[in-house]
Structure formats: C-alpha cells, structure tokens
Amino acid sequence: MIGLLAGALLVLLSCTATSAHPMPNTIITLDIGEDVVKAEIAIPLIELDLALSTHLAIDPETSIPPEASRLSAYLSEHTQIVATDGALWSVAVSSVALDQSPTADAAFPEVTAHLVLTPPPGMATSSFMLRYDGIMHRVVTHSALVVVRQDWMNGLLASEHATPMQLGVLRVNPVDGAIEPLAIDLSSGSYWTGFASMFSLGMSHIAEGTDHVLFLLVLLLPAPLLAVAGRWRGYIGARCTVVAIARIVTAFTIGHSLTLVLASLAAFELPEQPVEIAIAATILISAIHALRPLFAGQESLVAGVFGLIHGMAFSFTLAAMQLSPSQMMMSLLGFNLGIEAMQLGIVAVTMPALLLIASSRLYGLLRVLGAVVALLAALGWLAGQLGAPLAVTTLVEGLNGQFFPVVVGLTLLGVALQISRLSALCRSRRDPALGPDL
C-alpha cells in the first residue's frame, strides 16, 4: 500500500509542464538529428546540491563556472545510451552553465548541460535506450521528464510556438529502488512527414507574419492604377491589373526564393536586426509608393529586389533547425512551396476585391487608408528595432487575424458597387436623359 501511494506521488510530481517547471525535477530535451542526438538537460540546483552535498544554489553565478568540469564528468558518468543491438553510443558533454535565459525560473535556479549523443557507425538515431540516474541515485523522490523538441523525420520542429513531445519519465521504482531505462522509438518518421511539416511551416510563416503580408498587399494597392503627373489617377482595366499583379508576385517570389536558398545552403549567419530593419524599410517605401508614385511601372523590379531582403528573413527559420544536408534540401523545397501556396492564396482572395472596387471613386479612400496603416506599422517596426517600440505596432499586428473578414467585407462591397453600377447603366439605357453614371 505504501509503495502504491509513493508511486502515485511520483507520478503526480512528474506531471510538470516543460516550460513553467513549477517542481524541481530534471527535464531532458532531445533534438533528434540524422547523425547525432543533441540533449539539453536542465537540472534544478537545489536537488543537485542534495545529490552532490554541495551549496551551488546559494550563489550559482559564482559557484557554477569553477564546477563546470566536475559537473560534466558527473553527467557523463550518469548518462548512458544503448543501441537496439546493445552497442553503446558515445556521450560528450559540450557545455555546462547556469540557465540565465529570460524564461529561467528564479525560484528554482537550474544548471543546463548540453550533450552530443552519437550512435555507432551505421546505426540510426531514431531508436535507443536512455539510461540516466543523475540526482536520482541519491534523491529517490527526484525524477527526469524526457521530451523531444525537434525530430524532423516525425514532423516535430523546434519553434517558439511548438510544444515538445513527452516521451516518458525516469524515476526510482518505489518497490525495488531500480531506475528503469526509457526505451525511445521514433522510427516511424519519414522524409515525406518532414517535407509535409515544412510545407505547413512555410504556410503558417506567411499567415502569421504580419510584415510579409502587409508588404505584399501594400505593393498590390496601386497595381490597378495609372500614374499621371505624380499622382495615381486612371484605372488600367481588369486584364492589365491581373497582369501587373502576376508580374509583381512572380518577381517577389523569385527574389525571396533566391536568397532563401543561398542563405540556407551556404549557412550564412546573417545579423537579424539589420535584416528586420531593411524589411520595415521595404514596407515603408511601398506604403509611400501607394500614396504617391515613386517607381511607377517598375513595381515588379522593386518587388524582386525587396524580395531578396524578405528571403533573408525566411532563412532564419531554417538556420535555427541545424538540419542535415538532405533534410535541408527537403526543407527548402517544402518551406518555399508552403510560402508560395499561402502567398498565392492571399493574392487569390484579395484580387476579386481589387478588381471590383478599383474602378470606383471609393478605391482612392481605401488605397490611402491601407497605405497609411502600412506606413504606421513600418514606422513602428523600425522604432521597435531601434529600441523604442510604438503602440501602433501591436495594434497592426492584432489586425492580422482580421485579414480574411476584411477581404470578405471588401469583396461584398465591390459586388454591391458593381450591382449599383450596372443598375445605373440599365436606367440610363431606359432613359437616355439620365446619362450613365459610371
């Protein structure tokens, strides 16, 4: 009975969230690669002190650095990976340091260790047995939650919005005091699953990326119009509008695809802040162009050049995953196709509204309103990158979820305008004295 109660208590203790970490248990996070498995072990110092009879938690910033070598040896001694045929993997501790990330819980300071786990030559990284008894060999109430943060072949991608997949809990059996190893089998993954997950990631990257959507839309705003004497005036017609939009979207696609491929394959370590500032600048210039023609007739060329900048930002997503060459090639294809699919979807649902409203007097007001919103957002993003965020940025980003309702509303408005136009035309034909009001 006592054993059952102790077991229930340990199960309760193991049900901890991987991010909040409210209880002082160890979390082992795995990133499954094609050749190696990288492990991140977050160890609560208060428990580590109990196991090692140390006082690291009292002043961790001072006490951890000189103990890093000793902790590395300790983790190597208490971590063992066994292949399915019984062969041992190599275990290398690459770093041990105090967790000082923004998400670190001050109530439970942790030391974070990074390990590289390498199987014998020819062995897969998807199936193995994890033996780990750090702290638990001394503190029987301690446990270690094992999760997978990234496994490309199974479609699990590391990102700020992704939730790691829980694999199990290592703990002391209250009956016999043994710590059973955790069998890990992720062999059901495939290249198709990885490709599909990257396609989905590309789509969500555009859908959730307010800056990319806003840039594309504001660049399309003057597409149905003719520049005359430094102002947007005449409507160029539906056929010319479709051709202009196709040229702009194609040029933008070529531009961002080029830099996405080059930056990802060459593993360029591009500085993120200058790229983000440049993206905000592309939106700012495009918004001004929508108000007053800056490069009339050259929109496709500008879209291609600006696309080069946006492609650099897309490459950040792939670079963070540290994929193998074959996985990177498949990811590039899937991610880019996902971007194009969502981009074409946005253009497809936006184009009817543009074509229906562009010939009316109301389009001038909508064009100016859209350009001003984009201009304010660009200024907000620029200020944010320079350390002075503006409230307007949050407001515009909040509108991203309203994209489809706004487009549907504009399309219905365009239909109403066309019905009104046709009605006026019919009345003028019945009574020529009224004259057409087109």
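### Notes on the overall build of the protein
From N to C terminus, the protein includes 12 helices and 11 strands. Burial statistics for the protein: of 438 residues in total, 44% are counted as buried. Long-range contacts, defined as pairs at least 24 residues apart, comprise 73% of the intrachain contacts of the protein with a sequence gap of at least 6. When the accessible surface of the protein is summed, it comes to about 21600 Å², and 65% of that surface belongs to carbon and sulfur atoms.

### Side note on the nonpolar core
Counting residues in each nonpolar core, the largest one holds 42 residues, and the members touching the most others are Leu 220, Ile 245, Ile 283, Val 347 and Tyr 363. Every element with two or more residues in this core is listed here: helix 5 (210–220), helix 6 (238–265), helix 7 (272–291), helix 8 (299–319), helix 9 (325–357) and helix 10 (362–385). In terms of residues, this core owes the most to one element, helix 10, which gives eight residues. Every residue in contact with Leu 220, bar those within four places of it in the chain, is listed here: Ile 245, Ile 248, Val 249, Val 347, Leu 354 and Tyr 363. Of all hydrophobic cores here, the second largest spans 41 residues; its members include Leu 45, Ala 68, Val 172 and Leu 182.

### Considering the packing of aromatic side chains
Across all of its chains, the model carries five aromatic pairs by this definition. Seen from their ring centres, Phe 215 and Phe 306 are 5.9 Å apart, and the 55 degrees between their planes marks the pair as tilted. Taken together, the residues span a long stretch of sequence, with Phe 215 in helix 5 and Phe 306 in helix 8 at a distance of 91 residues. Judged on exposure class, the residue Phe 215 and its partner Phe 306 are both buried. Three or more aromatic residues joined by ring pairs form one cluster here, namely Phe 215, Phe 252 and Phe 306.

### Observations regarding unusual backbone geometry
Even without being glycine, Ser 53 reaches a positive phi, approximately 55 degrees. Mapping Ser 53 onto the fold places it in the loop between helix 2 (45–52) and helix 3 (60–78). According to the relative accessible area criterion, Ser 53 is exposed, its value standing at 61%. Residue Ile 135 is not a glycine yet carries a positive backbone phi of 65 degrees. Mapped onto the fold, Ile 135 is located in the loop between strand 6 (127–132) and strand 7 (143–151).

### Description of the sheet that holds strand 3 (residues 79–82)
Here we have three strands laid out as an open sheet, ordered 3-6-9, and antiparallel in their pairing. Of all strands in the sheet, those bounded by a partner on one side alone are strand 3 and strand 9 (182–185). Taking each pair of neighbouring strands and ignoring which way they run, the sheet shows an average axis angle of 25 degrees. Here helix 3 sits on the sheet and contacts strand 3 and strand 6; the angle it forms with strand 3, its principal contact strand, is near 35 degrees.

### Remarks on helix 10
Helical periodicity: at 3.6 residues per turn, an α-helix aligns residues three or four positions apart in one direction. In a regular helix each residue adds 1.5 Å, so 24 residues correspond to 34 Å; helix 10 covers 35 Å between its end C-alpha atoms and thus fits that length. Residues of helix 10 that are buried: Tyr 363, Arg 367, Ala 371, Ala 374, Leu 375, Ala 377, Ala 378, Gly 380, Trp 381, Leu 382 and Ala 383. Two residues or fewer past helix 10, Gly 387 is found with a positive phi of approximately 90 degrees.

### Examining the packing of helix 6 against helix 8
At a minimum axis distance of 6 Å, the contact between helix 6 and helix 8 shows a crossing angle of 35 degrees. The element helix 6 and its partner helix 8 pack so that their crossing is right-handed. Side by side, helix 6 and helix 8 meet where Arg 247, Ile 248, Ala 251, Phe 252, Gly 255, His 256, Leu 258, Thr 259, Leu 260, Ala 263 and Ser 264 of the first sit next to Glu 299, Ser 300, Ala 303, Gly 304, Gly 307, Leu 308, His 310, Gly 311, Met 312, Phe 314, Ser 315 and Leu 318 of the second. Of the residues belonging to the contact of helix 6 with helix 8, the class tally is 11 nonpolar, 10 polar and two charged.

### Thoughts on the pairing of strand 1 (residues 26–32)
Judged by how many residues are buried, strand 1 sits mostly within the fold: seven of seven residues are covered. Alternating residues of strand 1 divide into Thr 26, Ile 28, Leu 30 and Ile 32 and Ile 27, Thr 29 and Asp 31, and every residue in both groups is buried. Taken together, the seven bridges between strand 1 and strand 7 define a ladder with parallel strand orientation. Across the sheet, the residue bridging to Ile 32 is Asp 151, located in strand 7. Pairing of strand 1 with strand 2 (residues 37–44), which is carried by six bridges, proceeds in the antiparallel orientation. By the bridge assignment, Ile 28 is partnered in strand 2 with Ile 41.

### Description of the side chain of Asn 25
Checked against the element boundaries, Asn 25 lands in the loop between helix 1 (2–14) and strand 1. At 3.5 Å, the side chain of Asn 25 and the side chain of Ser 143 are in polar contact.

### Notes on the sheet that holds strand 4 (residues 90–98)
Within the open sheet, the six strands sit side by side as 4-5-2-1-7-8. Their pairing is mixed. Strands with a single pairing partner mark the edges of an open sheet, and in this sheet they are strand 4 and strand 8 (165–171). Strand-to-strand twist in this sheet, taken as the mean axis angle between neighbours without regard to direction, amounts to 20 degrees. Note: strand 2 against strand 5 (residues 110–118), eight bridges, orientation antiparallel. Bridge pairing in strand 5 places Ala 42 opposite Thr 112. In this fold helix 2 packs onto strand 2, strand 4 and strand 5, with an angle of close to 85 degrees to the strand it touches most, strand 2. Against the sheet, helix 3 engages strand 2, strand 4 and strand 5, with an angle of about 170 degrees to strand 4.

The rules behind these values
All chains use their own residue numbering, which begins from 1 and follows the written sequence. This being a predicted model, a pLDDT of at least 70 is required before a residue's local features are given, and a value of 80 or more before pairs of side-chain atoms are given or counted; all residues contribute to the totals for chains, interfaces and linings. Neither water nor hydrogens contribute to the side-chain values; these are computed over all heavy atoms in the structure. Note on conventions: DSSP H or I runs of at least 4 residues are helices, E runs of at least 2 residues are strands, and numbering of each starts at the N terminus. The cut-offs for exposure are 20% and 50% of the maximum accessible area for each residue type, with area from a 1.4 Å probe on protein chains only; residues under the lower value are buried, those over the upper are exposed, and the others partly exposed. The contact criterion used is simple: two residues touch if any of their non-hydrogen atoms lie within 4.5 Å. Per-residue and other accessible areas were derived by the Shrake-Rupley procedure at a 1.4 Å probe size, with only the shown protein chains allowed to occlude residues. Take the buried residues of types Ala, Val, Leu, Ile, Met, Phe, Trp, Tyr and Cys, join any two whose side-chain atoms come within 4.5 Å, and each joined set is a nonpolar core. Centres within 6.5 Å make a pair out of two Phe, Tyr or Trp rings, where for Trp the six-membered ring is used; the pair is then stacked when the planes are under 30 degrees apart, edge-to-face when over 60, and tilted otherwise. When DSSP finds two or more bridges between a pair of strands, those strands are recorded as paired. Interaxial angle, 0 to 180 degrees, is taken between N-to-C directions of lines fitted to C-alpha atoms, where a helix line uses only the stretch in contact. By this rule the span expected of a helix is its residue count minus one, scaled by 1.5 Å. The hand of a helix crossing depends on one turn: near helix anticlockwise from the far one by less than a right angle means left-handed, and clockwise means right-handed. By the convention adopted, Pro, Cys, Tyr, Trp, Phe, Met, Ile, Leu, Val and Ala count as nonpolar, Lys, Arg, Asp and Glu as charged, and the other residues, Gly among them, as polar. A 3.5 Å cut-off defines polar contacts: any pair of N or O atoms within that distance qualifies, except that in protein one atom must be a possible hydrogen donor and the other a possible acceptor, and neighbouring residues in sequence count only when both atoms are side-chain atoms.

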